[in-house]
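# Observations on the three-dimensional arrangement
What follows is each chain in one-letter form.
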Amino acid sequence: MPAHAGGTYPAVPPETGIAPFVGPTWDSYRCARGPVTNFYHRAYYGEEPPALYRGYAYRPYYRYSAYRRLPRTYFCVTD
């Protein structure tokens, strides 16, 4: 389901790593409904949360299936 303004936004779980700043240039994205695995603990994600594919988090890289699909799916949080 697409996310809406004022709702949830893509992030890294606070207990897992350094949460990135999500800028206003994000177009469309989805939020994961189930649990997400494969986060790197205490990692810095370069101001972009990892996209998800089949429940796994992937770092930004064009060859990963998570980055070839649009809209991308992310782990989402609220303020």
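Residues take numbers from 1 onward in each chain, read along the sequence in its written order. pLDDT decides what is reported in this predicted model: residues at 70 or higher carry local features, side-chain atom pairs at 80 or more are listed and counted, and totals for whole chains, interfaces and linings draw on all residues regardless. Heavy atoms from the whole structure form the basis of all side-chain values; hydrogens and water molecules are not counted.

Right, let's talk about the overall build of the protein chain for a bit. Counting secondary structure elements, the protein chain contains one helix and eight strands. Labels follow the DSSP assignment, with helices taken as runs of H or I lasting at least four residues and strands as runs of E lasting at least two, numbered in each case from the N terminus. The order of α-helices and β-strands along the protein chain, N terminus first, is β-β-β-β-β-β-α-β-β. Remark: exposure states derive from per-residue accessible area (1.4 Å probe, protein chains only) relative to the maximum for the residue type, with buried under 20%, exposed over 50%, and partly exposed in between. Put simply, the protein chain has 79 residues, and 32% of those count as buried. Roughly 5600 Å² of accessible area belongs to the protein chain as shown, and the carbon and sulfur atoms make up 53% of that amount. What sets the accessible areas is the Shrake-Rupley method with a 1.4 Å probe; for residues, cover comes only from the shown protein chains.

Right, let's talk about the confidence of the model for the protein chain for a bit. One confidence number per residue, pLDDT, is output by the predictor and ranges from 0 to 100. Per-residue confidence for the protein chain gives a mean pLDDT of 75, with 73% of residues at or over 70. The spread of mean pLDDT over the elements of the protein chain runs between strand S2 (residues 17-18), the lowest at 68, and strand S5 (residues 51-53), the highest at 87.

It is worth spelling out unusual backbone geometry at this point. With a phi angle near 80°, asparagine 38 is a residue other than glycine that sits in the positive phi range. Residue position: asparagine 38 is located in the loop between strand S3 (29-31) and strand S4 (43-44). The class for asparagine 38 is partly exposed, based on a relative accessible area of 37%. Positive phi is not limited to glycine here, since arginine 54 has a value of about 55°. By the secondary structure assignment, arginine 54 is in the loop between S5 and strand S6 (56-58). By relative accessible area, which is 71% here, arginine 54 ends up exposed.

On to the environment of threonine 78. Secondary-structure assignment places threonine 78 in the segment after strand S8 (76-77). Linking threonine 78 and alanine 11, residues 67 residues apart in sequence, is a C-alpha distance of 9.1 Å.

It is worth spelling out the environment of tyrosine 45 at this point. Note that tyrosine 45 resides in the loop between S4 and S5. Tyrosine 45 sits in the buried class, given a relative accessible area of 6%. Separated by 33 residues in the primary sequence, tyrosine 45 and valine 12 place their C-alpha atoms 8.3 Å from one another.

Two joining distances apply to patches: 9 Å for like charges and 5 Å for nonpolar side chains (Val, Leu, Ile, Met, Phe, Trp, Tyr), and every residue must have over 30% relative accessible area and no salt bridge. Basic side-chain nitrogens of Lys or Arg form a salt bridge, by our definition, when they fall within 4 Å of a carboxyl oxygen of Asp or Glu. We treat Lys and Arg as the positive residues and Asp and Glu as the negative residues; His and chain ends play no part in the count. A charged residue contributes its charge at one atom only: NZ of Lys, CZ of Arg, CG of Asp or CD of Glu. A cluster of like positive charges, contributed by Arg30, Arg54, Arg68 and Arg69, occupies part of the molecular surface. Relative to the assigned elements, arginine 30 resides in strand S3.

Below, the discussion takes up the state of the cysteines. By disulfide we mean two sulfur atoms from cysteines, separated by a distance within 2.5 Å. Overall, the coordinates contain one disulfide when judged by the stated rule. A disulfide bridge connects cysteine 31 with cysteine 76, and the sulfur atoms are separated by 2.1 Å. Taking the sign of the torsion about the S-S bond as the criterion, the disulfide between cysteine 31 and cysteine 76, at about -85°, is left-handed. Of this pair, cysteine 31 sits in strand S3 while cysteine 76 sits in strand S8, and the two are 45 residues apart along the sequence.

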